[in-house]
Every structure is written in structure tokens, then in C-alpha cells.
Amino acid sequence: MSATTLHTEIGASDEKQAAAKNASRRLGTIVVRLGAIAAFAAIMLYFVVFAPGFTSTFNLINVVEQSAILGVLAYGMTMVIIGGGSDVTEGGIDLSIAANMGLCAAVYATLLSMGYGDFLAVLAALAVGMAIGALNALAVVGLGILPLLATLAVLNVAAGMELTLTQNTVVGATSPLLAFLVSGSFLGISALAWALVLVSAIMIAIVHYTSFGLRLFAVGGHPEAARAAGINVPFYISFTYVLSGFCAAVASILTVSRLSASTPGSGELLLSVLAAALLGTVFSRRFVPTIGGTLLSVLFIGLLANGFQLLNVSSYWVNGVQGALILLVVAVTSFARGSEASR
Amino acid sequence: MSKSAKGIVKGLALGLALACSLVSVSGAVAEELSLKGKRIGVSAIGTDHYWDLMAFRGIQDRVKELGGEVIALDAGRKDQQQIAQLQTLIAQKPDAIIEQLGNLEVLNPWLQKIRDAGIPLFTVDTATPHAINNTTSNNYNIGAEIALQMVADMGGKGNVLVFNGFYSVPVCKIRYDQLKYVLASFPEVKIVEPELRDVIPNTVQSAYSNITDMLTKSPEKGSIGAVWACWDVPQIGATQAVEAAGRMEVKTYGIDGSPEVIKMVMDQKSAAGAVAAQQPYEIGQTSVDNVAKHLAGQKVPPFTFVPAVLINKENAAETGKPFLAAAEKAGVK
């Protein structure tokens, strides 16, 4: 036997082994993914059967309403993760999004309380939100800082600016737009719930039905390939951060309407936003973030808190369960990515 | 039977009758106060502070004692979460809702919705026109007493550092307004502007650094006479800061009576001047009694005051003890 044949034989057996390993791993991934979805379904089924009033239309609309703010924020986060890639440590992430919402809410409420109209106040909130987004883009794309660190720093900038502006106080606000968001309804569904429906539809259209969305997935999935295909990668990534800031501003207006004020402590929402965007990936076959997946997980998180309350289970459990789910999903996705990498 | 013996018998009979009637009255009250088969929703903005936790526990324990079912909701200091919890609670249609503290500006539209849904609303330490009854301490009294104690300790003149971060919380508004009212009569006591902002969370650390900064800014002894806060958690940080800076001429004043602060006031070497100690557990329980009375068709006043005690350097050894004993019993240090 010559050395070359020996070499090819070893190579072939290696490949066979790798293929077998891959196949079992892929199977494992499917099992884990379906397991996660089955767990979601089981929890929901349990609520349907045992939580009194869970399935009433009134209650379900309540949950959609309660999910609107989280949903809009989670879409921003989802876009950043799509564009930056879903690697948890090095991929796209916007830790500043909740603090940015707090800042935008403070700007919006402060301007309203100073007597400026909705038009100017909304414009200012959007401008501030997008400016913070642009700051993220500058740090990540321009300076090449790891998104995890860059947006963590910007989180502090935004939170500090909010504190400076409000002195950590509650700033009450009233306006025609806020009154409409609070009490307006159409077909028995409140304006806030409609806001979630509308934003979801727009986001799904942009991300999943335009060539822009397709290119964005290409940028996140394989930046070198995207660059080779002539896509302006830095522009796309920057865009996601600015859009995330825009989402923060939209969410801030919804928040002010719901709380009739801007209040300190918006940063607390970050964990839920991250949970929603990460959980959403289990609803896609390739574990990529999708708008539909994020919407489902936002509603799931809302239903979780709601179901627990209806069952009279302590609200302290909700945070714990949320944390456990994040851990599960991150484990599942890294497992899945392992199989893709070794392919 | 002699006249005096007759008198004694008569007196005894009368006493017995009175005792019987008293027993029967209290028996009737005990009988009437029942929440059997009732579901009571309880919503608290947070329970991270001693006062909040004790009141929240008092409510839950009393509902259970009276045979009711309690839906207990702690929003963990998140307005967003409290609103969501209240919204779901309204859909659950409990027999009554007790709301404990929070930002009135945020809460009021939702408290209105509770009333619109026909659910009797009771509040703890939260004055709002939407509640049938607000059970609380007499904050007008407390506010004036602590302010007067401070003025007395200062000898009627000097500068005060004031924490005023929670004016939107009704009880803080009352206490602060009372402070201002008292100070109006003592023009030589001045509040240092701008006022300080107490925060949640990190209240103690933040108060510590605020006071340290202010003392550094006014280094001459006597330039600052006192520190005031509408609750006592900032007082902890302030007291530590004063002691660390060695400025023992500055005394601190606060309200609530957390065990830690009571111990500070008891300690003659501590800079804690006085604290108005409330009975949060009893406040929670009394609120539930009011719910039970209302559901039994009895008339309930718009507010119920549970007594509070001013603990100062002179009386602390005596007055502080029962409060510390209660805290120990509850397992809170």
C-alpha cells in the first residue's frame, strides 16, 4: 500500500465520521428546538386549562396591549442582531435600547410639560433616539468596538442624560396624541394594541419581503461574502443601530401614554427585550432572529406574566423563568451553531 | 342586705352587664369581620424597603386571618409592571383591591379604571380621590413633629440639606409641605438650594456621596445644621457620611422607623437626630379590616390613621424598644 492511498483512506474515514457526527448533531438540534417549542406550548396549554379567564378576549387584548412597548423595543434589538450576526459575544447587540427609550420618554414628556406641542415633542424624541443609535453605530462600525461594550457604554451615556434632564423625578405629560393612545380604540381593540399590530406588519414587510431585508440577513450571516457580493456592509450595520434608536423613540411615546408620565427605571426592561429577541430564534429553523419569532416570544413573555398572575403564582417567578428561558435558548443556539460550524 | 352591700351588688351587676355588652360588641365585630369566600387583590410598587415589606405582609396576613384569598402583586419598583399587574387584576374582578404606594401621576388613571370597573379600591399610604379609604400614618403630624424636632435641635437657626426626590409620592409631598410650613415660622432655618435628590435603588450609597459632597463644599463647622429626608433610607447614608466626615454637629432626620435607623437614634454617639417611627404592619392590617367592614356594608371613613411615634435622642432608649421587638419578631433586622 502506498502512502497516498493510506492517506486517502484515512481522510475518507474521517469524513465519514464527521458526517455521522454532523447528522446526529443536526438531529439533536431539531430535537432540542422542538423541545423548546413544545415547552412553550405546554405552558400555554396549562394556562388555557387552569388559569381562570386566560382565554377571554378581554384578557388576551390586555396582554397584546401590555406587550406593545416590549415588542417595539424587541424589534429594534432583533434588527441589530440580524445585521450584526447572532453570535452572543461578538455579534450585534444593543444594550442601550431600554435606557435610550427612557431618555426619549424624558425628552418627550419634558417638552410637553414645557408647553410644546405633540409635533415638536415627537420629532425631538425621534431625533434623540436616532442620535443615540448613531452614537452606537459610530462606536461599533466607525471605531470597531465590540457591540457588547460599545452599547454598554452608550447605555450609561443615555441613562446619565435622562437623569440630568429629569433629576430622577416623574415628569407628567398630557397631549392629544397621548389621550388618543390611551383611550382610542378600533374594532374593540385599543390604540396601543393596534400600535403593536401596525409596527409588526411594517417590520415583517421590511425585513422579510424586501431585498433590503435579504441583504441585511446576508450581512449578519456572512459579512465577508456580503462584502464580496458588493453590499455596503458598514452602512447596513450602522442602519440597524439607528433603526434600533428609532424603535426606542417610538416605544418611549407608547410608554409615556401608558404611564401618563416619563418615569425613571426604564433600563429595567433590558432583560425582557433581550429575552424576547433571543427566544425568538427558536421559532426559526436555522436559529436566526426573525420578526415573527420575536413577536411570538414577546407575546409569550406577556402571557407568562399574565398566566402566573391569573393562577395566583408569585410574580417573583416570572423573572426566574425568564432568566431560565434565556439560558435555555442561548444553550440551544450555541449547540446549533456548533453543528453549523463543524459542517 | 345592707345598703352598701346592695350598692356593691348593683355595681357588680352593672359591671357584669357592661362587660357582657362589651364582649358581645367585640364578638359582633369579630364575627362581622370576615373575608370568607372573598378575593382581595393587593398591588405594591415594591417591597425592597422595610416599611413596604411590613405593610405588604400585614395586608396579606390579615386577609388570610379573615379567611379570604389574596392575590399579592409586587411590581419590583417597575411602574410598567405595576400597571400591567393592575390591568390584569381588573380583569380578574376581585372583591376589592388594596393599592400600596407608587407614583400617583402614573397610578391615578388606572385607579380610576378600578373604580369604573366597580371594584372597591382601598389604599395604603396613598392619598387619592379614587380610594374609599386610605390607611396611613398621620403624615401631617409626623411631618410637623420631625420638622419641629429638627428646628429645636438646631436652636432655631442654620442650614438644612433636604432630599426631595419623591415629591410625586403623596406621603412625601405632605411631609415636605409640613417641613416648609414649620420653617415658615423660623426664618433663620434655611434649606440649601438646590435640594438633593434621593433615588431608588442605591439610595444609601447615593445619599452618602451626596452628603459627603455637600459637607466638603461647606467645610466650616456649623455651616450645615441638619439633613432631612421624607423617609429614612437616605438618612442611613446621610448619617454615615456625617460621621465619616467627623461633622458631628450635623444631625439627620427621617421618617418610617426602619430598625437600622432606630438603632442609630438610640446610639448617643450617632449623628441620627430623630426618626418618626410608623407601624407599617398594623397599617396593612387595618386597611384589610376596612375592606372587610366595607364589604359587610359598614361605613368606612375616607382615611384611617395608625399612630406613629417620634423617636429622638432623649426618648429613644424607651420608645425604640417595641419597634425593634416587632421587627425582630418579623425576622427583619
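Residues numbered from 1 in each chain as written. Chains lettered and ligands numbered in written order. Predicted model: local features only at pLDDT ≥ 70, side-chain atom pairs only at ≥ 80, totals over all residues. Heavy atoms only, no water.

Caption draft 1: Structural context of the overall build of chain B. Tallying secondary structure elements over chain B gives 11 helices and 12 strands in all. Along the longest, intermediate and shortest principal axes, the C-alpha atoms of chain B span 75 × 65 × 35 Å. Residues classed as buried in chain B amount to 55% of the 333 residues present. For chain B, the exposed surface amounts to about 14,300 Å²; the carbon and sulfur share of it is 59%. The positive charge centre, built from 32 side chains, and the negative charge centre, built from 34, are 6 Å apart in chain B. (Helix = DSSP H or I, 4+ residues; strand = E, 2+ residues; numbered from the N terminus. Buried < 20%, exposed > 50% of the residue type's maximum accessible area, 1.4 Å probe, protein only. Areas by Shrake-Rupley, 256 points an atom, 1.4 Å probe, with all protein chains shown as cover. Lys, Arg positive; Asp, Glu negative; His and termini not counted. Charge placed at Lys NZ, Arg CZ, Asp CG, Glu CD.)

Caption draft 2: The arrangement of helix α6 (residues 170-184) of chain B in detail. Across its 15 residues, α6 of chain B extends 21 Å between first and last C-alpha, which sits within 8% of the 21 Å expected from 1.5 Å per residue. Every buried residue belonging to α6 of chain B is among P170, V171, C172, I174, R175, Y176, Q178, L179, V182 and L183 of chain B, and all of these are buried. (Expected span 1.5 Å × (residues − 1).)

Caption draft 3: Just the interface of chain B and chain A, in detail. Contacts between chain B and chain A engage 31 residues on the former and 27 residues on the latter. Note on chain B versus chain A: buried area summed over both sides is about 2,400 Å², and carbon and sulfur give 45% of it. Among the residues chain B hides against chain A, the three largest losses belong to Q80, Q87 and T88 of chain B. Together they make up 25% of the total. Counting every contact that joins chain B to chain A gives 0 salt bridges. Connecting chain B to chain A are 13 residue pairs in polar contact (both at pLDDT 80 or more). Of all the secondary-structure elements, those providing two or more residues to the side of chain B that touches chain A are β2 (69-74), α3 (79-92) and α4 (104-116) of chain B. Its residues assigned to classes, the side of chain B that touches chain A comprises 14 nonpolar, 10 polar and 7 charged. (Contact = heavy atoms within 4.5 Å. Buried area = accessible area lost by both parts, 1.4 Å probe. Salt bridge = Lys/Arg side-chain N within 4 Å of Asp/Glu carboxyl O. Polar contact = N/O pair within 3.5 Å; in protein donor to acceptor, adjacent residues only side chain to side chain. Nonpolar A, V, L, I, M, F, W, Y, C, P; charged D, E, K, R; others polar.)

Caption draft 4: Examining the layout of surface pockets more closely. Roughly 1,100 Å³ of internal volume is contained in the largest pocket. Lining the largest pocket are 45 residues; nearest its centre among them are N168 and P264 of chain A together with V199, I200 and P201 of chain B. Of all the secondary structure elements, the ones that give two or more residues to the lining of the largest pocket are α3 (97-113) and α5 (147-166) of chain A together with α2 (50-65) and α6 of chain B. In terms of residue count, the dominant contributor to the lining of the largest pocket is α5 of chain A (5 residues). Within the lining of the largest pocket, the residues separate by chemical class into 22 nonpolar, 14 polar and 9 charged. Both domains that meet at the lining of the largest pocket, namely domain 1 (37-135 + 281-301) and domain 2 (139-277 + 309-329) of chain B, each give it at least three residues. (1 Å grid on protein atoms, 1.4 Å probe; cavity = no way out; pocket = protein on both sides within 12 Å on 5 of 7 lines; lining within 4 Å. Points joined across faces, edges and corners; volume = space filled by probe spheres on them. Domains from an automatic or database assignment.)

Caption draft 5: Spatial organisation of the sheet that holds strand β10 (residues 272-277) of chain B. All names here are of chain B. Pairing within the open sheet is mixed, and its 6 strands lie in the order β7-β6-β8-β9-β10-β12. Of all strands in the sheet, those bounded by a partner on one side alone are β7 (189-191) and β12 (309-312). The mean inter-strand angle of the sheet, taken between neighbouring strand axes irrespective of direction, is 20°. For strand β9 (residues 251-256) and β10, the ladder comprises 5 bridges, and the chain directions are parallel. Paired with G254 across the strands is V275, a residue of β10. In the packing of helix α5 (residues 139-153) onto the sheet, the strands contacted are β6 (158-162), β7, β8 (226-228), β9, β10 and β12, and the crossing angle to β9 comes to about 170°. Packed onto the sheet, helix α11 (residues 316-329) meets β10 and β12 and runs at close to 130° relative to β12. (Pairing = 2+ DSSP bridges. Axes fitted to C-alpha atoms, helices over the stretch in contact; angles between N-to-C directions.)

Caption draft 6: Layout of helix α9 (residues 259-266) of chain B. All of the buried residues in α9 of chain B are P259, V261, I262, M264 and V265 of chain B. The elements touched by buried residues of α9 of chain B are α2, α8 (233-244), β10, β12 and α11 of chain B.

Caption draft 7: Summary view of the state of the cysteines. A full pass over the atoms with the stated rule returns 1 disulfide over all chains. There is no disulfide at C104 of chain A, and the cysteine sulfur nearest it, in C247 of chain A, is 11 Å away. (Disulfide = S-S within 2.5 Å.)

Caption draft 8: Here's a closer look at the pairing of strand β3 (residues 96-100) of chain B. Residue and element names in this part refer to chain B. Here β3 lies mainly inside the structure; 5 of its 5 residues are buried. Of the two faces of β3, the one holding A96, I98 and Q100 and the one holding I97 and E99 are both buried throughout. Bridge count between strand β1 (residues 39-44) and β3: 5 bridges; the pairing is parallel. Along β3, the bridge assignment pairs V42 with I98. Examined bridge by bridge, β3 and strand β4 (residues 121-124) share 4 bridges and lie parallel to one another. Paired with I98 across the strands is F122, a residue of β4. In this fold, β3 hands off to α4, which returns the chain to β4; that crossover is right-handed. (Right-handed = clockwise from strand over helix to strand, strands pointing away.)

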